[in-house]
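The lines below spell out each chain.
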Amino acid sequence: AQTVTQSQPEMSVQEAETVTLSCTYDTSESNYYLFWYKQPPSRQMILVIRQEAYKQQNATENRFSVNFQKAAKSFSLKISDSQLGDTAMYFCAFTLSSNTGKLIFGQGTTLQVKP
Amino acid sequence: EAGVTQFPSHSVIEKGQTVTLRCDPISGHDNLYWYRRVMGKEIKFLLHFVKESKQDESGMPNNRFLAERTGGTYSTLKVQPAELEDSGVYFCASSHGSRSEQYFGPGTRLTVT
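Here goes a summary of the coordinates provided. Given the structure is predicted, the values throughout are model-derived calculations rather than measurements. (Residues numbered from 1 in each chain as written. Chains lettered and ligands numbered in written order. Predicted model: local features only at pLDDT ≥ 70, side-chain atom pairs only at ≥ 80, totals over all residues. Heavy atoms only, no water.)

Some details on the overall build of chain B
Regarding its fold elements, chain B presents 0 helices and 11 strands. Secondary structure elements of chain B occur, N-terminal to C-terminal, as β-β-β-β-β-β-β-β-β-β-β. Its C-alpha atoms give chain B a radius of gyration of 13 Å, near enough to 13 Å, the size a compact globule of 113 residues would have. Dimensions of chain B, computed from the C-alpha atoms along their principal axes, are close to 35 × 25 × 25 Å. Buried residues in chain B amount to 48% of all 113 residues. Across chain B, the fraction of contacts at a sequence separation of at least 24, relative to all contacts at a separation of at least 6, is 52%. (Helix = DSSP H or I, 4+ residues; strand = E, 2+ residues; numbered from the N terminus. Rg over C-alpha atoms; globule rule 2.2 N^0.38 Å. Buried < 20%, exposed > 50% of the residue type's maximum accessible area, 1.4 Å probe, protein only. Contact = heavy atoms within 4.5 Å.)

Here you go:
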């Protein structure tokens, strides 16, 4: 069975600093996609970043980057220059390339950015 | 362009009652997904429509849950009869293709008392 584990239920960071959110997953498949989603308070969940498992290069989107370690089945999210608007719950998720797109999520990490 | 919308935003019902949740996907998105998050736990997949057809309903908890997507537009998820363990937030998401980005709705918070 495929699982995703986020071991940090809550984290906080000072504005302008860097924070890393952890995620590990388990699957016996070799082709899949990994995602980080963000859900701000009382707002809709949005995609932050996406990584294809076959790509060795880590994905980057502005201040957001990932550290993808396929052998270790680890997919951490680094947020640089944290902003107050980054305060949200962050979900790590993946989907197998062979399936219909259903996402398997972790438990989520609540991140608070402090001024 | 409007995003994914869900109605109601919050529903409180008694055990044994029936509730119907609605999801309106982004126009033109053939793929529609339902997920549920029980308090403090991970978001779990319920089912996936491609147009009006159920592509994968492996996540549906039991036969008290019925999902429909008549005409391949909006979808409804009916819970009948509701049980206490059905409480949680029900999310809907839609995408153009099955490997495309999924856009989520704001969720419906269901409380069964």
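Re the pattern of salt bridges
It is possible for side chains bearing opposite charge to pair when their charged atoms get close. Residues and elements named next belong to chain A. Across all of its chains, the model carries 10 salt bridges over all chains by this definition. Residue Lys55 pairs with Glu52 through a salt bridge whose shortest N-O separation is 3.9 Å. The exposure class assigned to Lys55 is partly exposed, which follows from its relative accessible area of 39%. (Salt bridge = Lys/Arg side-chain N within 4 Å of Asp/Glu carboxyl O.)

Observations concerning the state of the cysteines
The bond known as a disulfide is covalent and runs between the sulfur atoms of two cysteines. Evaluated as defined, the whole model comprises 2 disulfides over all chains. What pairs with Cys23 of chain A in a disulfide is Cys92 of chain A, and their sulfur atoms sit 2.0 Å apart. Note on the Cys23 of chain A and Cys92 of chain A pair: the S-S dihedral is about -70°, so by sign convention the disulfide is left-handed. Of this pair, Cys23 of chain A sits in the loop between strand E3 (19–21) and strand E4 (24–26) while Cys92 of chain A is found in strand E10 (residues 88–96), placing the two residues 69 residues apart along the sequence. Here Cys23 of chain A and Cys92 of chain A have matching classes, each one buried. Disulfide partner of Cys23 of chain B: Cys92 of chain B, at an S-S distance of 1.8 Å. Where Cys23 of chain B bonds to Cys92 of chain B through sulfur, the torsion about that S-S bond is close to -60°, and the disulfide is left-handed. With Cys23 of chain B in strand E3 (residues 19–24) and Cys92 of chain B in strand E9 (residues 88–95), this pair connects stretches of sequence that are 69 residues apart. For the residue pair Cys23 of chain B and Cys92 of chain B, the accessibility class agrees, reading buried in each case. (Disulfide = S-S within 2.5 Å.)

Structural notes on the interface of chain B and chain A
As a measure of interface size, the accessible area lost when the parts come together is often cited. With 21 residues of chain B in contact, the opposing surface of chain A contributes 17 residues. Of the roughly 1,700 Å² buried between chain B and chain A, counting both surfaces, carbon and sulfur atoms make up 53%. In terms of surface lost to chain A, no three residues of chain B exceed Ile43, Arg99 and Phe104 of chain B, which account for 35% of the buried area on that side. Counting across the chain B and chain A interface gives 1 salt bridge. Across the pair Asp56 of chain B and Lys102 of chain A runs a salt bridge whose closest N-O atoms are separated by 3.9 Å. (Buried area = accessible area lost by both parts, 1.4 Å probe.)

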